[in-house]
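Reading the structure
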Amino acid sequence: MELFWERLRENGSIPIYCPKVEDMYSVVEKIISDINYSPAAFYPRDVLPTLSPRLLQMFGMVWGRSDSFDVRRARLGLMGVDFGVAETGSLVLFTSNTVERLLSCLPEVFVGVVYTSRLLPDLASTLGYVSQALKGGRCVSIITGPSQTADIEQRFVRGVHGPRQVYVLVVEGGPAIQ
């Protein structure tokens, strides 16, 4: 986990360790209220199917529960990711619809939740899972920090083609890799 942590920081992500799921809820609540990233959107997935009732109230948009879910309006997107890759400090996300994909790249802030049980040492370790996801018709996104680019004059700019900030909440335990 040390290498994952180091690479996340090198990539410009903000890693936060959460010993329990309840700690993760508190961290997300703090991010939303301190930075005032509202409306916030949550997309339930197998790896993070729900949030605390209090936190669900803070999210203006919850996929499947909000009639007005419009990912284009979200300033913060939260979802569980499928894997973390220590070697690169990347998050691997398998998605099956446009809303899932857009929630990781349209909002100003992306909060990815990864369990320690789903940390892999390198990208080569993900290939079997990636192959299986692609065969199943899913898209694969590899998120390695906030969007970054430099113009022709080498001026460095963040958030041009994706989130300006990426928080990675690393939660102890979690569902086993299948």
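Further up the page is the structure itself.
Residues numbered from 1 in each chain as written. Predicted model: local features only at pLDDT ≥ 70, side-chain atom pairs only at ≥ 80, totals over all residues. Heavy atoms only, no water.

Of all 5 residues in strand 4 (residues 76–80), 5 are buried, a share of seventy percent or more. Burial of strand 4 is two-sided: the residues L76, L78 and G80 facing one way and the residues G77 and M79 facing the other way are all buried. Of the pairings in the sheet, the one linking strand 2 (residues 40–42) to strand 4 comprises 3 bridges and is parallel in character. Residue F42 lies in a different strand from strand 4, and its bridge partner there is L78. With 5 bridges joining them, strand 4 and strand 7 (residues 109–115) adopt parallel strand pairing. (Buried < 20%, exposed > 50% of the residue type's maximum accessible area, 1.4 Å probe, protein only. Helix = DSSP H or I, 4+ residues; strand = E, 2+ residues; numbered from the N terminus. Pairing = 2+ DSSP bridges.)

Attention shifts here to the environment of I31. Considering the arrangement of structural elements, one finds I31 in helix 2 (residues 21–35). A relative accessible area of 6% places I31 in the buried class. For the pair formed by I31 and V111, sequence separation is 80 residues and the distance between their alpha carbons is 9.4 Å. Contact partners of I31, with chain neighbours within four places excluded, come to N36, L76 and Y167. (Contact = heavy atoms within 4.5 Å.)

Once that is clear, we can look at the side chain of S104. Locating S104 in the fold gives a position in the loop between helix 4 (98–103) and strand 7. A distance of 2.8 Å separates a polar side-chain atom of S104 from the backbone oxygen of R101. The residues touching S104, leaving out its near neighbours within four places in the chain, are L93, F110, I143 and P163. (Polar contact = N/O pair within 3.5 Å; in protein donor to acceptor, adjacent residues only side chain to side chain.)

Turning our attention to the pattern of salt bridges. Applying the stated criterion across every chain, the model contains 6 salt bridges. Two residues, R45 and D82, come together in a salt bridge whose shortest N-O distance is 3.0 Å. Here R45 is found in the loop between strand 2 and helix 3 (53–58), whereas its partner D82 is found in the loop between strand 4 and strand 5 (83–85), with 37 residues between them in sequence. Residue classification places R45 among the buried positions, given a relative accessible area of 8%. For D82, a relative accessible area of 10% puts it in the buried group. A salt bridge links R72 to D70; its shortest N-O distance comes to 2.9 Å. For R72, a relative accessible area of 67% puts it in the exposed group. If you follow the salt bridges from partner to partner, you end up with E6, R7 and E10 in one network. (Salt bridge = Lys/Arg side-chain N within 4 Å of Asp/Glu carboxyl O.)

Estimates place the volume of the largest pocket at around 450 Å³. Every residue lining the largest pocket is counted, 19 residues in all, and those nearest its centre are D46, V47, D82, R118 and R138. When residues in the lining of the largest pocket are grouped by element, the largest group, 3 residues, is from helix 5 (residues 127–135). Of the residues belonging to the lining of the largest pocket, the class tally is 10 nonpolar, 3 polar and 6 charged. (1 Å grid on protein atoms, 1.4 Å probe; cavity = no way out; pocket = protein on both sides within 12 Å on 5 of 7 lines; lining within 4 Å. Points joined across faces, edges and corners; volume = space filled by probe spheres on them. Nonpolar A, V, L, I, M, F, W, Y, C, P; charged D, E, K, R; others polar.)

Right, let's talk about the nonpolar core for a bit. Membership of the largest hydrophobic core comes to 24 residues, with the highest contact counts inside it found for M24, V28, L51, F59, L76 and L78. Elements with a contribution of two residues or more to this core: helix 2, strand 2, helix 3, strand 4, strand 7 and strand 12 (165–171). Every residue in contact with L51, bar those within four places of it in the chain, is listed here: Y25, F42, L56, F59 and L78. With 22 residues, the next largest nonpolar core counts V71, L93, V99 and I143 among its residues. (Core = buried A, V, L, I, M, F, W, Y, C linked by side-chain atoms within 4.5 Å.)

The tally for this structure, following the rule as stated, stands at 2 aromatic pairs. Their ring planes at 40 degrees and their centres at 4.7 Å tell us that F83 and Y129 sit as a pair that is tilted. One end of the pair, F83, is in strand 5; the other, Y129, is in helix 5, and 46 residues separate them in sequence. F83 gets classed as buried once you look at its relative accessible area, which sits at 3%. (Phe/Tyr/Trp six-rings, centres within 6.5 Å; stacked < 30°, edge-to-face > 60°.)

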